[in-house]
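Examination of the molecular architecture
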Amino acid sequence: MSLNKASCMLSSGNLTIGYSDKRRTNLLQKNLNLELHQGTFVCLIGPNGCGKSTLIRVLGGLQLPLAGWVKLGENEVRKLSGQEKSRHISMVLTDRSSVDNITVEEVVALGRYGYTNWIGRLTGKDQQYIAAAIEKTGLSGFENRMLATLSDGERQRTFIGKAVASNAPLMLLDEPTAHLDIPNKVEIMSLLKSLTMRSEHTCLVSTHDLELALQMADMIWLMIPGKGMVCLTPDELKQRNYLNEVFGNKTVFFNNETGTFNLKSV
Amino acid sequence: MKPYIFRKSGNMKAKNYFLLFLVLILLIFMLSVLDLVLGSVKIPLKESLKIITGHASQEGWSYIILQMRLPRLVTAIMTGAGLAVAGLMMQTLFRNPLAGPYVLGISSGAGLGVAIYVMALDIIGLTGIYRMYDLGQAFAAIVGASLVFILILLVASHLRDSVSLLIVGIMFGSLAGAVVNILQYFSKPDLVQKFVIWTMGSLSSAGWSQIGVMTSFVVPGILISVLMIKPMNALLLGELNAEATGVRTNVVKYLIITSASLIAGALTAFNGPVAFIGLIVPHISRMLFNTTNHRILLPATMLTGIALLLVCDIISQVPGRTIVLPINAITAMIGAPVILWIVLGNRKMKTSF
């Protein structure tokens, strides 16, 4: 694969991720050498517990790697200040510990955190970004709704709106389609895809919706438990029958022709 | 189809906020005048105002107003604002509607600090330190408060639900109380009595010099809380989300601990524990102003806290009688029903926060 150095947005080298405390180390993945290219829509897939969420957190600088480095452009992510990070990387996480008594607009406005002054005053420019983000994510009319009153899909769009409002070139999203029904899943994925189509953002999305990912992603990062990562286009992935090796089992197999999972006849 | 609006909110305009703030300020002004005028000795309103504005009046009345009622008023204002802000910071930090300096044992920690300071020093016969008595008492309370706060924070990282955190707080409070009991057992009767009266809470035990000490801790604490407005708004989304938004959550946590311990510690050192103000005032402010934005909520909480504590203080003076009830009893009598109303009422805890 030819790599254009100039368009490489996020890269990692010899990256080892996992958890360690005094008693033991739980190694999830090691020696990951990744490159995320500008303006691409990349889906991170893999079985439960292989380290997708951990990778997202490490790439976004929320958690330190056990070894190796992550660079945003030329700079190491761990050395960025809070403000620099919030201006360049936006994240949508699975953490649901948010209070419910906060409006959609207030959440989206927090996307401007890296730009506002010490008390969080929004300038006219900030307001423009917020309004644009609300419009792009289809949240018009929801501005004053409380988080508690939203459906899961609307809630997810709100947090994506916050990421869009930050105007950070890199968006890292951890399972934004979890708990959604199929129309909502498609809607969220198309929304993210459209954000990268205009080359405003680069998206790395972890997801369990393989069929959707295969249809929409420019690139698939397939994480194999304990065995590293395969980075290929959806077509290449199908040709090499990787999905069957990773996800197939006694009852289910991946049909490379239709791009869907099928039950094995008993 | 029109969306089902579960709770109207967030659409309050700046004008409404301004009006509410104005009403609160006027209310505080009226309550302050009432607080000065009412008391066991009847002093006419005209004379009281004359004394405050620096005109001569009957000497006894001057003394009562300037050396007794005015310090009490200043103490009440500082305590109301301070405890309410401490409560707000703790509720946001833990994202827990039941957090507050009294419930989580911060006040008990301060009490333990004071008890150790007053009684232990007496047991080992260190009386020379008494020259710095007030300052030492404040320091002891702040150290006690911050120790309990840090312990709770350590435990809280393993707990997710409100109830467990609450139980931990109550347990820390009981532990601190047990240590105080043991200390009392070995102390002289006059010190024990002094401490028991202290635990009832009183806004009138601080004179001007103590108020000076109190101010030098509470004001920096409140200034820190003002600097925390922006990060606290991000903390509403949860710690991990806040970190991803650009908040240095570890730094912010310790600044909030410092601020809340300075405020709750210094206030508890001189007034004794004052229950429920830190717990209920943030809820009342959220309901009044219908927002969780700390830029509005922080000043709103301060003003609401002042107003509520002034009401409690006026009640505790039992206008027309010569008795003064312990302030801690009055705040609990008002606070407990409010909490019950919040828990049992149709607005659930989860959504009221």
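Residues numbered from 1 in each chain as written. Chains lettered and ligands numbered in written order. Predicted model: local features only at pLDDT ≥ 70, side-chain atom pairs only at ≥ 80, totals over all residues.

Quick look at the overall build of chain B now. In terms of regular secondary structure, chain B is built from 15 helices and zero strands. Expected size for 353 residues packed as a compact globule is a radius of gyration near 20 Å; at 21 Å, chain B falls within 12% of this value. The principal-axis extent of the C-alpha atoms belonging to chain B is close to 70 × 50 × 35 Å. When each of the 353 residues of chain B is scored for burial, the buried share is 46%. For chain B, the share of sequence-separated contacts (at least 6 apart) that also reach a separation of at least 24 residues comes to 79%. (Helix = DSSP H or I, 4+ residues; strand = E, 2+ residues; numbered from the N terminus. Rg over C-alpha atoms; globule rule 2.2 N^0.38 Å. Buried ≥ 20, exposed ≤ 12 C-beta atoms within 10 Å, placed from the backbone. Contact = placed C-beta atoms within 7 Å.)

On to the nonpolar core, then. Core analysis: the biggest nonpolar cluster contains 166 residues, and Val42(A), Ala260(B) and Ala266(B) have the highest contact counts within it. By residue number, the principal contributor to this core is helix 3 (residues 59–94) of chain B, which donates 15 residues. With near-sequence residues (within four places) excluded, Val42(A) lies in contact with Leu36(A), Cys203(A), Leu204(A), Ala217(A), Asp218(A), Met219(A) and Trp221(A). (Core = buried A, V, L, I, M, F, W, Y, C linked by C-beta atoms within 7 Å.)

To continue, consider helix 6 (residues 182–197) of chain A. All names here are of chain A. Spanning 16 residues, helix 6 covers 22 Å between terminal C-alpha atoms, matching the ideal 22 Å at 1.5 Å per step. Among all positions of helix 6, only Lys 185, Ile 188, Met 189, Leu 192, Leu 195 and Thr 196 are buried. End-on, the buried residues of helix 6 take up no more than an arc of 115°, which puts them together on one face. Among the exposed residues of helix 6, those oriented more than 90 degrees off its buried face are Ile 182 and Pro 183. Trailing helix 6 by a residue or two, Ser 199 shows a phi angle of about 60°, which is positive. (Expected span 1.5 Å × (residues − 1). Arc of directions from axis to C-beta.)

A few words on helix 3 of chain B. All names here are of chain B. Between its terminal C-alpha atoms helix 3 stretches 51 Å, which fits the 52 Å expected from 36 residues at 1.5 Å a residue. Maximum bend of helix 3: about 35°, positioned at Arg 69, with proline Pro 71 one to four residues after it. A positive phi of about 45° marks Arg 95, the residue just after helix 3. (Bend = angle between axes of the 7 residues up to and from the residue.)

Remark on secondary structure: sheet strands pair via backbone hydrogen bonds, oriented parallel or antiparallel. Residues and elements named next belong to chain A. Strand order across the open sheet formed by six strands is 7-8-9-4-10-11, with mixed pairing between neighbours. Looking along the sheet, the strands with just one partner apiece sit at the ends: strand 7 (89–92) and strand 11 (228–232). Taken pair by pair, the neighbouring strands of this sheet meet at an average axis angle of 15°, ignoring direction. Here four bridges tie strand 4 (residues 41–45) to strand 9 (residues 202–206), and the two strands are oriented parallel to one another. Pairing of Phe 41 across the sheet is with Cys 203, part of strand 9. (Pairing = 2+ DSSP bridges. Axes fitted to C-alpha atoms, helices over the stretch in contact; angles between N-to-C directions.)

All names here are of chain B. Assignment of secondary structure puts Pro 44 in the loop between helix 1 (14–37) and helix 2 (45–52). Judged by local crowding, Pro 44 falls into the exposed class, with 11 C-beta atoms found within 10 Å. Along the sequence, Pro 44 and Phe 18 sit 26 residues apart, while their C-alpha atoms lie 34 Å from each other.

Okay, the pairing of strand 11 of chain A next. Residues and elements named next belong to chain A. Across five bridges, strand 10 (residues 219–224) lies against strand 11 in antiparallel orientation. Counted as the bridge partner of Trp 221 is Cys 231 from strand 11. The antiparallel pairing of strand 10 with strand 11 creates a hairpin that spans three residues between the two strands, and Gly 226 there sits at a positive phi of about 70°.

What follows covers the interface of chain A and chain B. Residue-level contacts link 29 residues of chain A with 30 residues of chain B. In terms of residue count, helix 2 (residues 82–88) of chain A provides more of the side of chain A that touches chain B than any other element does, four residues in total. Residue composition of the side of chain A that touches chain B, grouped by class: 12 nonpolar, 12 polar and five charged. (Nonpolar A, V, L, I, M, F, W, Y, C, P; charged D, E, K, R; others polar.)

A few words now on unusual backbone geometry. Not every positive phi belongs to a glycine, and Asn167(A) is a case in point at roughly 55°. Tracing the chain through its elements places Asn167(A) in the loop between helix 5 (152–165) and strand 8 (170–174). For Asn290(B), which is not glycine, the phi torsion reads 55° and is therefore positive. Along the chain, the position of Asn290(B) falls in the loop between helix 12 (277–289) and helix 13 (294–316).

Take the packing of helix 1 of chain B against helix 3 of chain B next. All names here are of chain B. Contact pair helix 1 / helix 3: the axes reach a minimum separation of 9 Å and the direction vectors enclose 145°. Crossing of helix 1 against helix 3: the hand is right-handed. Mapping the contact onto sequence places Ser 32, Asp 35 and Leu 36 in helix 1 and Ile 65, Arg 69, Leu 70, Leu 73 and Ala 76 in helix 3. Looking at the contact of helix 1 with helix 3 residue by residue, the classes come out as five nonpolar, one polar and two charged. (Left-handed = near helix turned anticlockwise from the far one by under 90°.)

Residue and element names in this part refer to chain A. Burial of the side chains of strand 7 extends over both faces: Ile 89 and Met 91 are buried on one face and Ser 90 and Val 92 on the other. Where strand 7 and strand 8 come together, four bridges link them in parallel fashion. When the sheet's bridge partners are listed, Val 92 is paired in strand 8 with Leu 173.

In this section: the confidence of the model for chain A. Counting all residues, the mean pLDDT for chain A is 91, and 97% of those residues have values of 70 or more. Below a pLDDT of 50 lies the segment residues 1–5 of chain A, which in the model reaches two contacts outside its immediate sequence neighbourhood of four places, other chains included. (pLDDT = per-residue confidence, 0-100.)

Residue and element names in this part refer to chain B. Interaxial distance between helix 8 (residues 208–227) and helix 11 (residues 249–271) falls to 8 Å at its minimum, and their mutual angle equals 160°. By the angle between their axes, helix 8 is roughly antiparallel relative to helix 11. Like other packed secondary-structure pairs, helix 8 and helix 11 cross with a definite hand, here left-handed. Contacts between helix 8 and helix 11 involve Gln 210, Met 214, Phe 217, Val 218, Pro 220, Gly 221, Ile 222, Ile 224 and Ser 225 from the former and Leu 255, Thr 258, Ser 259, Leu 262, Ile 263, Ala 266, Leu 267 and Phe 270 from the latter. Of the residues contributing to the contact of helix 8 with helix 11, the split by class is 12 nonpolar, five polar and no charged. (Parallel < 35°, antiparallel > 145°, perpendicular 65-115°, else oblique.)

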